[in-house]
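Listed below are the residues making up each chain.
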Amino acid sequence: MDGENVLNLNDLRNFVRAVDSGGFAAAARLIGSPKSTVSKRVAELEAELGARLIHRTSRSFTLTEVGQEFYEHAKASLIEADAAEEVVRRRLAEPIGKVRITASVPVAQFLIAERLPALIEAYPRIYVDLHVTDRFVDIIHEGFDIAIRSHITPLPDSALMQRRMSVEPIILVASPAYLAQRGLPQYPIDLANHAGIDSGSASALWSLRNESGQQVQIAPRTCLSANEAGVLLQTAKAGLGIARLPESIAAPSLKKNELIHVLPGWTEGAITTTILTPHRRGQLPAVKAVVGILTKPVSVMP
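Keep in mind the model is a prediction, meaning the values are calculated, not measured.

Visitor: What am I meant to see in the sheet that holds strand 9 (residues 215-218) here?
Guide: Strand-to-strand pairing in sheets goes through backbone hydrogen bonds, with the strands running parallel or antiparallel. The strand order across the open sheet formed by three strands is 9-8-13, and the pairing between neighbours is antiparallel. Edge strands, defined here as strands with exactly one partner in the open sheet, are strand 9 and strand 13 (266-267).

Okay, structure coming up:
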């Protein structure tokens, strides 16, 4: 046999089944193929090896000496091949392995962190590699399984799979100390006399809308602008002014009475958080499991 030739695994399987079944006819019935096909494949295996493996007549079916030795190794090889295939099947069926996630600082801190304990508890064989950055990440070229992005306008069409994680209102908040000193606004127009902590430029208008659809544009006296939600949160808690924040980011501080919800009947639109996955990676059980946990409301988690 040429050392570069590789034996056909199916031919090995036909040979082993024929031996285990005691003949070609019984093997053919077992695998649902014609007897002639099984016999032909075993004959081609013998030709490939250059050795007779089976003595066969109309009345007998016995292994040659080399055939007996070959059978033992062939059967062991098939067991190993089946075990190797099972490893792959199990990997594809069970949530296991590393899942690489990229997210901005606010998303990681206020949306992902609180979901990680439930994720690890539910899927202990998943290893989460969370990469936190505010720069734009090309998840395909940089090898990430999941990107989580918050946005006010719709994301552009792409080859990535998109699944909504959350939609939440942008609310106005201020510290109790600030409001005790400057007064609590009763109407949007009152914001013109207040210090604003802005997420955009100093001249930006705040566009507020209430539940009935009424819309008002106001320009507070901006004392600070920052493009990072954590900074806005901390400066609002420090009493610098009124800030616009996604509800999930403000919620812990509201619960602790570190902030007060200003003009609760009004919002400044909504922010959507979307999970992006490459199509092929998005089908892996581990990635699907992580996405499932991330899109589940925190209130219904175990």
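Visitor: Is there a simple way to think about the pairing of strand 5 (residues 146-151) in this case?
Guide: Each regular strand carries side chains that alternate between the two faces of the sheet. Taking burial as the measure, the six residues of strand 5 include five buried ones, the bulk of the element. Relative to strand 5, strand 3 (residues 97-103) runs parallel, the two sharing three bridges. What sits directly across from Ala103, in strand 5, is Ile148. Sheet topology places strand 5 next to strand 14 (residues 270-277); five bridges connect them, and they run antiparallel.

Visitor: Teacher, can you tell me more about the environment of Arg115 here?
Guide: Following the sequence through the fold, Arg115 ends up in the loop between helix 5 (105-112) and helix 6 (116-122). Taking the C-alpha atoms as reference points, Arg115 and Lys296, separated by 181 residues in sequence, lie 8.8 Å from one another.

Visitor: So what exactly am I meant to see when it comes to the pattern of salt bridges here?
Guide: When charged atoms on two side chains of opposite charge get close, those side chains can pair. On inspection of all chains with the given rule, the structure shows 11 salt bridges. Of the charged contacts, one joins Glu142 and Arg135 as a salt bridge, the two residues approaching to 2.8 Å between their closest N and O atoms. Judged by its relative accessible area of 43%, Arg135 falls in the partly exposed class. Residues Glu268 and Arg244 are paired through a salt bridge, measuring 2.6 Å at the closest nitrogen-oxygen approach.

Visitor: Just checking my understanding: could you explain the pairing of strand 14 for this structure?
Guide: Most of strand 14 is tucked away: seven of the eight residues are buried. Two strands pair when backbone bridges link them, and strand 6 (residues 161-174) and strand 14 are joined in this way by eight bridges, in the antiparallel orientation. Among the inter-strand pairings, Met161 is bridged to a residue of strand 14, identified as Thr277.

Visitor: What's the story with helix 8 (residues 229-237) in this structure? I'm lost.
Guide: Each turn of an α-helix holds 3.6 residues, which means side chains three or four residues apart point in the same direction. Among the residues of helix 8, Ala229, Gly230, Leu232, Leu233, Thr235 and Ala236 are the ones counted as buried. Taken together, the buried residues of helix 8 touch helix 5, strand 6, strand 7 (195-198), strand 10 (221-225), strand 11 (242-246) and helix 9 (247-255). If you check the start of helix 8, you find a side-chain oxygen 3.0 Å away from the backbone N of Gly230, and it comes from Glu228. The first or second residue beyond helix 8 is Gly239, which carries a positive phi of 90°.

Calculation notes
Residues numbered from 1 in each chain as written. Predicted model: local features only at pLDDT ≥ 70, side-chain atom pairs only at ≥ 80, totals over all residues. Heavy atoms only, no water. Pairing = 2+ DSSP bridges. Helix = DSSP H or I, 4+ residues; strand = E, 2+ residues; numbered from the N terminus. Buried < 20%, exposed > 50% of the residue type's maximum accessible area, 1.4 Å probe, protein only. Salt bridge = Lys/Arg side-chain N within 4 Å of Asp/Glu carboxyl O. Contact = heavy atoms within 4.5 Å. Polar contact = N/O pair within 3.5 Å; in protein donor to acceptor, adjacent residues only side chain to side chain.

Any link to function would need more than the numbers given here.
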